[in-house]
Amino acid sequence: MPESSKNSPAPVIVGGTIAIDHVKTPGSEGTDLLGGSAAYAALSATFFASDVRLIGIVGHDFPAAHLSMLESRGVNLGGVERSEGASFTWSGEYMENMNERVTHQVGLNVLESWEVKVPTELADAPIVVLANMSPDNQMQMLAGCGAENRFVIADTMDLWIEIANERLHEVLRQLDLFVINESEAREFAGTSNLIEAGRLLLGKGPKFVVIKLGEFGAMLFSAAGGTTTVPCPDSFFRCAAFPLRGIADPTGAGDSFLGGLAGYLAAHAGGDYSFKNIRKAVVYGSVLASFTCEAFSTQRLEGISTSDVEARLEAFRAMTAW
C-alpha cells in the first residue's frame with residue numbers, strides 16, 4: 001500500500017546543471033535531450049514533493065519544450081536564469097555493457113562564469129539539494145539558502161575531486177547527507193574497500209553518506225555507527241537495485257536517485273531526518289532511478305505516475321524480503 005504522511009510535504013530546492021544532452025547507446029541515439037543533474041533531480045522529487053524549486057542556468061538555445069515539461073510536472077522555474085549565451089551541453093556514448101561510457105564533447109558555455117543566485121522568495125526551503133556542480137557553485141547556493149534547521153544533501157563527481165578538492169572538503173563540512181558513486185568514493189577516500197570508504201567519508205563532515213553502486217544498488221552509512229569497522233543495522237543499510245531486463249539509457253539515474261530520496265524525505269520525514277527515514281528514502285530513490293534507465297533522458301519519468309512508483313516499490317519489497 002502507498003505510504004501516507006500526516007504532514008504537508010516540505011519544499012525542496014534543487015540546484016545544479018541543466019543541460020542539452022546528445023546520447024548514443026549500442027542500440028540507438030538521442031539528440032537535444034533534456035539533461036543535467038538538477039533537471040533529473042527536480043523532476044524525480046516531484047513524485048513526492050509538491051513544492052520543488054529549481055536553481056540553474058540555460059542559454060538562448062535551450063529547448064522551450066524541456067522547461068515547459070518541468071513546469072507542467074510542478075517544478076518551480078523561478079530560479080532558472082536565462083542567458084544570451086549557449087546552453088551547457090554534453091555528448092557521450094555508452095559501451096555494450098552500458099556501464100562504461102565515453103564523453104565525446106562537453107560545452108560548458110553558460111556554466112563558465114555562472115554564479116548561483118537564489119531568489120529570496122525561494123530560499124526558505126528546509127531541504128536543500130546541491131546536485132552535481134562545482135563546489136564553488138554549491139557554496140554559493142548554500143549561502144543563498146536561508147532556511148533554519150535545513151537538511152543539506154549534495155552529490156559530486158570525479159572532476160571536482162581532482163581539481164577542486166579543497167573546496168569540496170569545505171562543502172562536506174556543511175552537509176547532512178553526501179551522495180557519491182563507488183569509483184569516486186574509492187578515489188576520494190583513498191581506499192578500495194567501500195565499507196572503509198563510507199567510514200572515512202563520514203569523517204569529513206556529513207552525518208550520512210550514500211555510496212551509489214549503479215546496477216548493484218546503494219549503501220547508506222550513518223555517523224552514529226562510531227569507529228567500529230563492522231557495520232551494524234542501526235548505522236548501515238545496503239539496498240539492492242531494481243532488476244531491469246534491458247537498459248535504454250542510464251544517463252541521469254544517479255540524479256534521479258538523489259531527487260527521489262530528497263522528495264521522499266520532504267513528503268514523509270516531517271523534519272525527522274533520522275537513519276530510519278533516510279533508509280526508506282534510499283529505497284524510493286532506487287526505484288525512481290530504475291524508471292530513468294528505461295528510456296532516453298527523462299522520457300520514462302514523464303510517462304509514469306505515483307501509482308506506478310508504488311507498484312514497483314511493492315514488487316521490489318517482495319523481491320528483496322527474506
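Residues numbered from 1 in each chain as written. Predicted model: local features only at pLDDT ≥ 70, side-chain atom pairs only at ≥ 80, totals over all residues. Heavy atoms only, no water.

**Some details on the overall build of the protein**
And step 1. In terms of helices and strands, the protein carries 11 helices and 13 strands.
And step 2. For a compact globule of 322 residues, the expected C-alpha radius of gyration is about 20 Å, and the protein comes in at 18 Å, within 12% of that figure.
And step 3. Taken over the C-alpha atoms alone, the protein extends approximately 50 × 45 × 45 Å along its principal axes.
And step 4. Nonlocal contacts in the protein, meaning residues at least 24 apart in sequence, comprise 66% of its contacts between residues at least 6 apart.
And step 5. Surface accessibility of the protein: about 13,800 Å² in total, with carbon and sulfur atoms responsible for 49%.
And step 6. Side-chain charges of the protein comprise 23 positive and 38 negative groups, with the mean position of each set lying 8 Å from the other. (Helix = DSSP H or I, 4+ residues; strand = E, 2+ residues; numbered from the N terminus. Rg over C-alpha atoms; globule rule 2.2 N^0.38 Å. Contact = heavy atoms within 4.5 Å. Areas by Shrake-Rupley, 256 points an atom, 1.4 Å probe, with all protein chains shown as cover. Lys, Arg positive; Asp, Glu negative; His and termini not counted. Charge placed at Lys NZ, Arg CZ, Asp CG, Glu CD.)

**Focus on the pattern of salt bridges**
Pairing is possible between side chains that carry opposite charge, provided their charged atoms lie close to one another.
And step 1. Enumeration over the complete set of coordinates arrives at 11 salt bridges.
And step 2. The residue Arg-186 makes a salt bridge to Glu-182 at a minimum N-O spacing of 3.0 Å. Linking Arg-186 with Glu-182, this pair stays in helix α6 (residues 182-189), spanning four residues, or about one helical turn.
And step 3. The exposure class of Arg-186 is partly exposed, given its relative accessible area of 30%. (Salt bridge = Lys/Arg side-chain N within 4 Å of Asp/Glu carboxyl O. Buried < 20%, exposed > 50% of the residue type's maximum accessible area, 1.4 Å probe, protein only.)

**Some thoughts on the environment of Lys-117**
And step 1. Counting through the fold element by element, Lys-117 comes out in the loop between β7 (101-107) and β8 (127-130).
And step 2. Residue contacts for Lys-117: discarding those within four places in its chain leaves Ile-55 and Glu-81.

**Looking at the nonpolar core**
And step 1. Core analysis: the largest hydrophobic core is formed by 66 residues, its most contacted members being Leu-54, Ile-127, Ile-153, Leu-177, Leu-265, Val-282 and Val-309.
And step 2. For this core, the element with the highest residue contribution is helix α9 (residues 275-292), accounting for 10 residues.
And step 3. When residues no more than four places from it in sequence are discounted, the contact partners of Val-309 are Phe-47, Phe-48, Tyr-284, Val-287, Leu-288, Phe-291 and Ile-304. (Core = buried A, V, L, I, M, F, W, Y, C linked by side-chain atoms within 4.5 Å.)

**Observations regarding the sheet that holds strand β6 (residues 89-94)**
And step 1. Reading across the sheet, the four strands line up as β3-β2-β6-β7 and stay open at both edges, with mixed pairing between neighbours. Across the chains shown, the open sheet's two edge strands, defined by having one partner strand only, are β3 (29-35) and β7. When the angles between neighbouring strand axes are averaged without regard to direction, this sheet yields 20 degrees.
And step 2. Pairing of strand β2 (residues 19-24) with β6 involves five bridges; the strand directions are parallel. Each residue of the ladder has a partner; that of His-22, found in β6, is Ser-91. (Pairing = 2+ DSSP bridges. Axes fitted to C-alpha atoms, helices over the stretch in contact; angles between N-to-C directions.)

**Some details on the sheet that holds strand β11 (residues 208-212)**
Backbone hydrogen bonds are what pair the strands of a sheet, in a parallel or an antiparallel way.
And step 1. The nine strands are arranged β5-β4-β1-β8-β9-β10-β11-β12-β13 in an open sheet whose pairing can be described as mixed. With one partner strand each, in any of the chains shown, β5 (75-82) and β13 (236-239) form the two edges of the open sheet. The average angle at which neighbouring strand axes cross in this sheet is 15 degrees, direction not considered.
And step 2. Along the sheet, α9 makes contact with β9 (151-155), β10 (177-181), β11, β12 (218-222) and β13, crossing β13 at roughly 15 degrees.

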